Amino acid sequence: MAKVAFIGLGVMGFPMAGHLKQKGGHDVTVYNRTAAKAEQWVAKYGGKSARTPKEAAAGQDFVMVCVGNDNDLREVMLGENGAYRGIAKGAVMVDHTTASAEIARELYAEAKKHGFDFIDAPVSGGQAGAENGVLTVMCGGDAEPFGRAEKVIAAYARACNLLGAPGSGQLAKMVNQICIAGLVQGLAEGLHFAKKAGLDIEKLIATISKGAAQSWQMENRYKTMVAGKFDFGFAVDWMRKDLGICLSEARRNGAHLPAIALIDQFYSEVQTMGGKRWDTSSLIALLER
């Protein structure tokens, strides 16, 4: 059992922190910007809540964070009442936020100055993966603190791997989102084409899902895409944030992402259709306007 703080109780963080308490058996303290959410978590799982990230981090072996973006991270980590002002030397900070590789490196360097460790550890698997404790976790940082953190992360992860130096977890998550966006667009166009061609969708998917076209998106989203239902997880707003990070990093490292730049604009059009909170499979709605 470890002493663990979890900062950020959104749709991902709330169940992840719950797994730390129930499945991992850890001593868990939570913090959320909206205190009522933290109180709700304590009522459901036990543990305790803190009034600030600094208070939550004090005396902990591990501090897990899952917030919205780079700016949110700077606030909860480096702000006046941030976790970096409370965390003990020798502790491990694990950041599950999907953010830039740049801020991961910045937070790693700042942690080293103060005598504790930092692992960037964005996750894939969405809300369902968090609730079921089967997330994929992509990590960047040093091997020794990763080895310690991995045992704690196991409470909500199906796979957890160290990809390399600080920032590597965030870079791996960018690759993940690049691949997903391309797959969803291809599936949307394929299903749209099939409907226009008058094919039996069920027979079609039963056939092609056994071959090279098979994907998680096909298996799990084709029915809802055809039905025009888009309330199944990862929102368009979040995907646009992530693709923005990918495109920004590509400008820095010289990578060419022509398809992603185009799909990002497609998602922008979905947003203007009122689909900000639709899930990412809603790309098909753009084709069927």
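In what follows, the structure referred to is the one given above.
This one's a predicted model, so the numbers in the text were calculated from it and none came from an experiment. For every chain, the first residue of the written sequence is number 1, and numbering continues from 1 onward in sequence order. Reporting in this predicted model follows two pLDDT cut-offs: at least 70 for local features of residues, and 80 or more for side-chain atom pairs to be given and counted; totals over whole chains, interfaces and linings ignore these cut-offs and use all residues. Water and hydrogen atoms play no part in the side-chain values, which are based on all heavy atoms of the structure.

### Examining the overall build of the protein chain
- Only DSSP runs of H or I with at least four residues qualify as helices, and only runs of E with at least two residues qualify as strands; both kinds are numbered from the N terminus onward. Looking only at helices and strands, the protein chain features 13 helices and nine strands.
- Its C-alpha atoms put the protein chain at 65 × 45 × 35 Å along the principal axes.
- For every residue, the accessible area obtained with a 1.4 Å probe (protein chains only) is divided by the maximum for its type, and the residue is called buried under 20%, exposed over 50%, and partly exposed between those limits. Split into buried and exposed, the 289 residues of the protein chain put 50% on the buried side.
- Restricting the contact set of the protein chain to residue pairs at least 6 apart, pairs at least 24 apart contribute 67%.
- In the protein chain, the 33 positive side-chain charges and the 30 negative ones have mean positions that sit 2 Å from each other. Two residues form a contact once any of their heavy atoms are found within 4.5 Å. Neither His nor the chain ends is counted toward charge; the positive residues are Lys and Arg and the negative residues Asp and Glu. To locate a charge, take atom NZ for lysine, CZ for arginine, CG for aspartate or CD for glutamate.

### So, the nonpolar core
- Put simply, a nonpolar core is a bunch of buried Ala, Val, Leu, Ile, Met, Phe, Trp, Tyr and Cys residues held in one set by side-chain atoms that sit within 4.5 Å of each other. Counting residues in each nonpolar core, the largest one holds 34 residues, and the members touching the most others are Phe-6, Met-64, Ile-153 and Tyr-156.
- If we skip the residues at most four places from it in the chain, Met-64 touches Val-4, Ala-5, Phe-6, Ile-7, Val-94, His-96, Val-152, Ile-153 and Tyr-156.

### Quick notes on the side chain of Asp-72
- With respect to the helices and strands, Asp-72 occurs in helix 4 (residues 70-78).
- Ignoring sequence-local partners within four residues, the contact set of Asp-72 consists of Arg-33 and Val-67.

### Description of the environment of Ala-149
- Among the secondary structure elements, Ala-149 is positioned in helix 7 (residues 143-153).
- C-alpha separation for the pair Ala-149 and Gly-47, spaced 102 residues apart in sequence, amounts to 20 Å.
- Those residues in contact with Ala-149 that sit more than four places away from it in its chain are Phe-62, Val-92 and Val-94.

### Regarding the pattern of salt bridges
- We count a salt bridge whenever a side-chain nitrogen from Lys or Arg sits within 4 Å of a carboxyl oxygen from Asp or Glu. Inspection of the entire model under this criterion finds 16 salt bridges.
- Arg-74 is the partner of Glu-106 in a salt bridge, and the nearest nitrogen-oxygen pair spans 2.9 Å. Highlighted residues: Glu-106 in helix 5 (residues 101-113) and Arg-74 in helix 4, separated in sequence by 32 residues.
- A relative accessible area of 32% places Arg-74 in the partly exposed class.
- Lys-112 is paired through a salt bridge with Asp-142; the nearest N and O atoms lie 3.1 Å apart. Placement of the pair is Lys-112 in helix 5 and Asp-142 in the loop between strand 8 (135-140) and helix 7, with a sequence separation of 30 residues.
- Residue Lys-112 is classed as partly exposed on the basis of its relative accessible area of 39%.

### With respect to the packing of aromatic side chains
- In this analysis, rings of Phe, Tyr and Trp, with Trp reduced to its six-membered ring, are considered paired at centre separations within 6.5 Å, and the interplanar angle assigns stacked below 30 degrees, edge-to-face beyond 60, and tilted for intermediate values. Under the defined criterion, the tally for this structure stands at five aromatic pairs.
- A ring pair is formed by Trp-41 and Tyr-45, whose centres lie 5.2 Å apart and whose planes are at 40 degrees; its orientation type is tilted. Placement of both Trp-41 and Tyr-45 in helix 2 (residues 35-45) is noted, with a separation of four residues, approximately one turn of the helix. Comparing Trp-41 with Tyr-45 shows no difference in burial state: the two are buried.
- Relative to Phe-116, the ring of Tyr-84 lies with its centre 4.8 Å away and its plane at 80 degrees, an arrangement referred to as edge-to-face. Of the two residues, Tyr-84 sits in the loop between helix 4 and strand 5 (92-95) while Phe-116 sits in the loop between helix 5 and strand 6 (117-120), which places them 32 residues apart along the sequence. Across the pair, exposure class does not vary: Tyr-84 and Phe-116 are buried alike.
- Grouped by ring-pair contacts, the aromatic residues Phe-14, Trp-41 and Tyr-45 constitute a single cluster.

### A few points about the pairing of strand 8
- Judged by how many residues are buried, strand 8 sits mostly within the fold: five of six residues are covered.
- Across two bridges, strand 7 (residues 123-124) lies against strand 8 in antiparallel orientation. Bridging across to strand 8, Ser-124 finds its partner in Thr-136.
- Judged from the six bridges that link them, strand 8 and strand 9 (residues 157-164) form a sheet pairing that is parallel. Each bridged residue has a counterpart across the sheet, and for Leu-135 the counterpart in strand 9 is Ala-157.
- Clockwise travel from the first strand over the helix to the second, with the strands pointing away from the viewer, marks a crossover as right-handed. Crossover connection from strand 8 via helix 7 to parallel strand 9: handedness right-handed. Two strands qualify as a pair provided that DSSP identifies no fewer than 2 bridges between them.

### What to know about the environment of Asp-231
- Locating Asp-231 in the fold gives a position in the loop between helix 10 (216-227) and helix 11 (236-253).
- Taking the C-alpha atoms as reference, Asp-231 lies 5.5 Å from Trp-278; in sequence the two are 47 residues apart.

### Side note on the packing of helix 4 against helix 5
- Where helices are involved, their axes are fitted lines through C-alpha atoms of the stretch in contact, as for all axes, and angles between N-to-C directions lie from 0 to 180°. Direction vectors running N to C along helix 4 and helix 5 enclose 10 degrees, while the axes themselves pass 11 Å from each other. Classified by the interaxial angle, the pair formed by helix 4 and helix 5 is roughly parallel. Contact with helix 4, carried on its side by Asp-70, Leu-73, Arg-74, Met-77 and Leu-78, involves Ile-103, Glu-106, Leu-107 and Glu-110 of helix 5 and no other residues of that element.
- When residue character is reported, Ala, Val, Leu, Ile, Met, Phe, Trp, Tyr, Cys and Pro are called nonpolar, Asp, Glu, Lys and Arg charged, and the others, Gly included, polar. Residue classes in the contact of helix 4 with helix 5 are distributed as five nonpolar, no polar and four charged. In these notes the angle categories are as follows: under 35 degrees is roughly parallel, over 145 is roughly antiparallel, 65 to 115 is roughly perpendicular, and the rest is oblique.

On their own, these measurements won't tell you what the molecule is for.
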